[in-house]
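Observations on chain architecture
Residues per chain, in single letters:
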Amino acid sequence: MFKPNRTAMKLKTLTKSLIAMKKDQNENARKKQHVCAPCFYLHRPMKVGMQAFTTSECDLCFTPSTYPSSVVDKICLGCAEKRDLCAHCGDDLKAIEKQVSVLCNEIII
Ligand SMILES: [Zn+2]
Ligand SMILES: [Zn+2]
């Protein structure tokens, strides 16, 4: 009996996500959400698993926001846009993009 290897499956998912990150085909949607590429393609699941709404406060202005899953963003869209930060991880968007482009050059598809 063939048993699917969980590690191999995880690796497959990770590879797919990395390729998606390199291609950045959802750039427009990603920019609209003000989220960096690693967060968008690697950390935030594309499909919503459980329909449980979660409320979380923005790390900077403490405005509560409601999210359609248990995946919440660190800062609100307003603060992310104002300071050019990733809404999900709260890091400097330009610095991350630079790092990503360097790393992506090492990934040969
Ligand atoms: Zn905020
Ligand atoms: Zn991020």
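The structure we're discussing is the one just above.
Residues numbered from 1 in each chain as written. Chains lettered and ligands numbered in written order. Predicted model: local features only at pLDDT ≥ 70, side-chain atom pairs only at ≥ 80, totals over all residues. Heavy atoms only, no water.

So, on to the coordination of the zinc ion (ligand 2). Tetrahedral metal sites with four donors have an ideal angle of 109.5 degrees; octahedral sites with six donors have ideal angles of 90 or 180 degrees. Every protein donor of the zinc ion (ligand 2) is accounted for by Cys36 (SG), Cys39 (SG), Cys86 (SG) and Cys89 (SG), and the metal-donor separations fall at 2.3 Å. Around the zinc ion (ligand 2), the four donor atoms sit at angles spanning 103 to 121 degrees, and that spread fits a shape best called tetrahedral. As a motif over one chain, the donors of the zinc ion (ligand 2) read C-x2-C-x46-C-x2-C. (Donors = N, O, S within 2.8 Å, 3.2 Å for Na, K, Ca; no water. Tetrahedral: all angles 85-135°; square planar, octahedral: opposite > 155°, others 65-115°.)

Each protein donor to the zinc ion (ligand 1) is listed here as Cys58 (SG), Cys61 (SG), Cys76 (SG) and Cys79 (SG); together their distances run 2.3 Å. For the zinc ion (ligand 1), the single-chain donor residues occur in sequence as C-x2-C-x14-C-x2-C. You can see Cys58 sitting in the loop between strand S1 (54-57) and strand S2 (64-67) and its partner Cys79 sitting in helix H4 (residues 77-83), a full 21 residues away along the chain. Cys79 matches Cys58 in its accessibility class, with the two residues each being buried. (Helix = DSSP H or I, 4+ residues; strand = E, 2+ residues; numbered from the N terminus. Buried < 20%, exposed > 50% of the residue type's maximum accessible area, 1.4 Å probe, protein only.)

Pairing of S1 with S2, which is carried by four bridges, proceeds in the antiparallel orientation. In the strand pairing of S2, Glu57 is matched with Pro64. Once S1 ends, the chain turns through six residues before running back antiparallel as S2, passing Phe62 with a positive phi of about 65 degrees. (Pairing = 2+ DSSP bridges.)

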